[in-house]
Amino acid sequence: MTAQTPIIELRNVCKSFGPIDVLHGISLKVHAGEVLCLLGDNGAGKSTLIKTLAGVHRPTSGEILMDGAPVTFTGPRDAQDRGIATVHQFGGTFPLMSIGRSFFVGVEPTKGWGPFKVFDRRKANEIAVRAVREFGITRIDDGDRLVGGLSGGERQSLAIARAVHFGARVLILDEPTAALGVKQAAHVLRIVNEAKRRGLAVILITHQVMHAMAVGDHFAVLIRGAIAADFRKGERTREEITDLMAGGETMADLEAAIEGHMATQEGHPPTPAELRPA
Ligand SMILES: Nc1ncnc2c1ncn2[C@@H]1O[C@H](COP(=O)(O)OP(=O)(O)OP(=O)(O)O)[C@@H](O)[C@H]1O
Ligand SMILES: [Mg+2]
């Protein structure tokens, strides 16, 4: 598996915004049929990294390679045309649009869907519903339904199915399960697995260690814009991953910080007597 050429590779990528250095010498490989989980505390640089991969930002230095050849993205559209799809939290879809309509937003008629120049509602609905049902989302059976009426998990799933339908090879998911309950998150993670089964490379950002461990083949932890750890499934325990995700702080550090905070708020941490209900 790892012997094959990665779909995407970053070599020593740095990104600065003016005087602010956000990413420092990032090197990473993402293979087809694998899920890379990108982990790290708030502000570690995860979103900046995927925006660089998605053509939103240009690297300040370093290289991005696709299928082994260096590429320069002129913008997000360029990255999209090369098969890099980004799905944002809440699916990035339009609540007041029908499922069929939203499925084809931004797809130029000449590129994606041949002969018909006018929007063919029935046909669009049919294609959209079939595409999402192929992903096992059988509850979506009417393309006229509004996207706003779907659950958060269904919207994410719709967005992922759409990206795959239009030929994405790399699927970037920035915290797709952040606002979801357990069942909905499980649903999205199943779709992630399905995308992987179809041979896509998936880059998943999450703050939830269980979600990462449920689908990840490969894990990279960012701390202050640099790769602090890069390991494969089974090489670290859940506790080790949790500590790494917290920017290298351990649970003991966290408990100490909470104690310290309470001490400054209240003068001292509450005693057991104070915590007992009256
Ligand atoms: N356009 C920008 N200009 C200046 N600084 C930026 C810009 N974009 C991001 N940063 C800074 O880069 C750092 C990393 O931000 P980024 O959004 O990539 O973090 P993140 O890991 O995605 O965090 P979170 O988990 O909170 O989403 C932050 O300190 C942020 O303020
Ligand atoms: Mg982010």
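So, the overall build of the chain
Then, number 1: When helices and strands are counted, the chain shows 11 helices and 10 strands.
Then, number 2: When contacts within the chain are restricted to residue pairs at least 6 apart in sequence, those whose partners lie at least 24 apart make up 66%.
Then, number 3: Carbon and sulfur atoms make up 53% of the accessible area of the chain, which totals about 14100 Å².

So, unusual backbone geometry
Then, number 1: The residue aspartate 67 is not glycine, and still its phi comes out positive at about 50 degrees.
Then, number 2: Relative to the helices and strands, aspartate 67 resides in the loop between strand 4 (61-66) and strand 5 (69-71).
Then, number 3: A positive phi is found at glutamate 175, a non-glycine position, where the angle reads about 55 degrees.
Then, number 4: With respect to the helices and strands, glutamate 175 occurs in the loop between strand 7 (170-174) and helix 7 (182-197).

Details of the pairing of strand 7
Then, number 1: Summarising burial for strand 7: 5 of the 5 residues are buried, a large majority.
Then, number 2: Burial along strand 7 is two-sided: Val170, Ile172 and Asp174 and Leu171 and Leu173, pointing in opposite directions, are all buried.
Then, number 3: Looking at chain direction, strand 7 and strand 8 (residues 201-205) are connected through 5 bridges and run parallel. Residue pairing in the sheet places isoleucine 172 in a bridge with isoleucine 203 of strand 8.

Remarks on the packing of aromatic side chains
Given two aromatic rings, their pairing is described by the distance between the two centres and the angle made by the two planes.
Then, number 1: In the structure shown here, the tally under the stated rule is 4 aromatic pairs.
Then, number 2: Relative to phenylalanine 104, the ring of phenylalanine 103 lies with its centre 5.5 Å away and its plane at 65 degrees, an arrangement referred to as edge-to-face.
Then, number 3: When the centroid spacing of 5.6 Å and the interplanar angle of 45 degrees are considered together, the rings of phenylalanine 103 and phenylalanine 166 count as tilted. With phenylalanine 103 in helix 3 (residues 99-103) and phenylalanine 166 in the loop between helix 6 (152-165) and strand 7, this residue pair connects regions lying 63 residues apart in the sequence.
Then, number 4: Look at phenylalanine 103 and you get buried, because its relative accessible area is 0%.
Then, number 5: Since its relative accessible area comes to 30%, phenylalanine 166 is described here as partly exposed.

Conventions and cut-offs
Sequence order as written defines the numbering, with residues in each chain counted from 1. Going through the entries in the order they are written, you letter the chains from A and number the ligands from 1. Reporting of local features is limited, given that this is a predicted model, to residues whose pLDDT is at least 70; pairs of side-chain atoms are given and counted only at 80 or more, and all residues count toward the totals for whole chains, interfaces and linings. The side-chain quantities take in all heavy atoms of the structure and omit both hydrogens and water. Under the DSSP-based scheme used, a helix requires at least four consecutive residues in state H or I and a strand at least two consecutive residues in state E, with every element numbered from the N terminus. Here, two residues are considered to be in contact whenever any of their heavy atoms come within 4.5 Å of each other. For the accessible areas, the method is Shrake-Rupley and the probe is 1.4 Å, while residue cover comes only from the protein chains on display. Three labels apply to residues, based on accessible area from a 1.4 Å probe with only protein chains included: buried if under 20% of the type maximum, exposed if over 50%, partly exposed otherwise in between. Paired strands, as defined in this entry, are two strands with at least two bridges between them according to DSSP. Working definition: rings of Phe, Tyr and Trp (its six-membered ring) pair if their centres are within 6.5 Å, and the pair is stacked with planes under 30 degrees apart, edge-to-face with planes over 60 apart, and tilted otherwise.

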